[in-house]
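If you want the building blocks of each chain, they are given just below.
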Amino acid sequence: MISRLPLVIGNWKMNMQVSQACDMAQSLVSNYSATEDVEVVIAPPHTSLYSVSQILKDSPVGLAGQNFYYESNGAFTGEVSIDMLKDAGCGFTLIGHSERRSMFGESDETINKKVHCAMDLGITAVICVGETLMEREAELTLDVIETQLSKGLAGLSGDSISNWVIAYEPVWAIGAGVNATPEQVSEIHKFIRNYLFQGLGFSERIGARILYGGSVKPDNSGQLLREKEVDGVLVGGASLDFESFCAIINSALES
Ligand code: PEP
């Protein structure tokens, strides 16, 4: 199996002015210019993407969009396309973050269209899945995740697995200050991995990178990243602070 390089992604959500985003990107580039043992990616708001891309070019730090629309151009006021993300310098994009699903009504079908757009352009898709608290309490976690995976990944070829990443983000842990336990994370990651290979027929030879997201902080990242099933983390709030984000990246280097 091809090795699964740990991946640490900072999702800045709707935070940071262009100058702040550039300062943070510059600091990251200075700290991680020669790091080969962890892949670091940041997802600033759309307004900062191009400026940040100029700072990241020639560095190993990657750039992600947080969202896009699945049409390539046209009368879609307020949207940007995947071509535009690529043009702005992105090699990655988040797709189906729970905030997009719950606040902006994104369905698994919409997410699937976006996944195909990213694949067509060679952009690595970070596909977010996860259950709400109500679903967990009703013991529906595995059903919910299975549906999100089967619909979200529909129509992808078996070998496409190196071009996308799954982020397991239990909705109840996002921005909550309380993370899922390493045991809970491990159980779901194992389920996802097994479902990708046995259920959906993706190539086991290549391996799948499965990240955890939900209140990852410097004081819990090491423990989460040491889990065999965890290939990296998607970090929201703690990625806005340079020291915290670096501490999380460093824990991935040590894991
Ligand atoms: C996220 O937004 O993807 C996330 C995991 O947020 P936080 O780390 O703040 O919980």
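Just so you know, these numbers come straight off a predicted model, no measurement behind them.

Colleague: Just to check I follow, could you spell out the overall build of the chain for this structure?
Modeller: Of the regular secondary structure elements, the chain holds 10 helices and 8 strands. The C-alpha radius of gyration of the chain comes to 17 Å, within 12% of the 18 Å expected for a compact globule of 255 residues. For the chain, the spread of C-alpha atoms along the principal axes amounts to about 45 × 45 × 35 Å. With 255 residues in all, the chain has 53% of them scored as buried. Counting only contacts in the chain whose residues sit at least 6 apart along the sequence, the fraction spanning at least 24 positions is 72%. Averaging the positions of the 17 positive and the 32 negative side-chain charges in the chain gives two centres separated by 2 Å.

Colleague: Just to check I follow, could you spell out the pattern of salt bridges for this structure?
Modeller: It is possible for side chains of opposite charge to pair when their charged atoms get near one another. Counted under the stated rule, the structure contains 11 salt bridges. In this structure, K13 and E99 form a salt bridge, with 2.8 Å as the shortest nitrogen-oxygen distance. Of this pair, K13 sits in the loop between strand 1 (7–11) and helix 1 (18–31) while E99 is found in helix 4 (residues 98–104), placing the two residues 86 residues apart along the sequence. Of the charged contacts in the structure, one is a salt bridge between R193 and D231, with a shortest N-O distance of 3.0 Å. Highlighted residues: R193 in helix 8 (residues 182–199) and D231 in the loop between helix 9 (218–225) and strand 8 (232–235), separated in sequence by 38 residues. One network of salt bridges, in which partners are shared, links R4, R193, K228, E229 and D231.

Colleague: Whenever I open this one, the site of the ligand confuses me. Can you help?
Modeller: Taken together, 14 residues are adjacent to the ligand, and K13, E169, G175, S215 and G236 come closest. E169 is positioned with one of its side-chain polar atoms (N or O) 2.7 Å from an oxygen atom of the ligand. Here an oxygen atom of the ligand sits 2.8 Å away from a polar atom, N or O, in the main chain of S215. Here the ligand, which alone exposes 290 Å², has 97% of that area covered by the protein. Taken together, the residues of the shell around the ligand sort by class into 4 nonpolar, 8 polar and 2 charged.

Definitions and limits used
Each residue is numbered by its place in its chain's sequence as written, counting from 1. Reporting of local features is limited, given that this is a predicted model, to residues whose pLDDT is at least 70; pairs of side-chain atoms are given and counted only at 80 or more, and all residues count toward the totals for whole chains, interfaces and linings. Excluded from the side-chain calculation are hydrogens and water; included are all heavy atoms of the structure. Strands here mean DSSP runs of E at least two residues long; helices mean DSSP runs of H or I at least four residues long; both are numbered from the N terminus. It is over C-alpha atoms that the radius of gyration is taken, and the globule rule equals 2.2 Å times the number of residues to the power 0.38. Any residue under 20% of the maximum accessible area for its type is buried, any over 50% is exposed, and the rest in between are partly exposed; the area is computed with a 1.4 Å probe on protein chains only. In this description, contact between two residues means that some pair of their heavy atoms is separated by no more than 4.5 Å. In this count, Lys and Arg are taken as positive residues and Asp and Glu as negative ones, while His and the chain termini are left out. To locate a charge, take atom NZ for lysine, CZ for arginine, CG for aspartate or CD for glutamate. Salt bridges are counted wherever a side-chain nitrogen of Lys or Arg sits within 4 Å of a carboxyl oxygen of Asp or Glu. Here a residue is near a molecule or strand as soon as one of its heavy atoms is found within 4 Å of it. Here a polar contact is taken to be a pair of N or O atoms separated by no more than 3.5 Å, where protein atoms must pair a possible hydrogen donor with a possible acceptor and residues adjacent in sequence count only if both atoms sit in side chains. Only the protein chains shown count as cover for residues, and the accessible areas themselves come from Shrake-Rupley with a 1.4 Å probe. Polar here means any residue other than Ala, Val, Leu, Ile, Met, Phe, Trp, Tyr, Cys and Pro, which are nonpolar, and Asp, Glu, Lys and Arg, which are charged; Gly is therefore polar.

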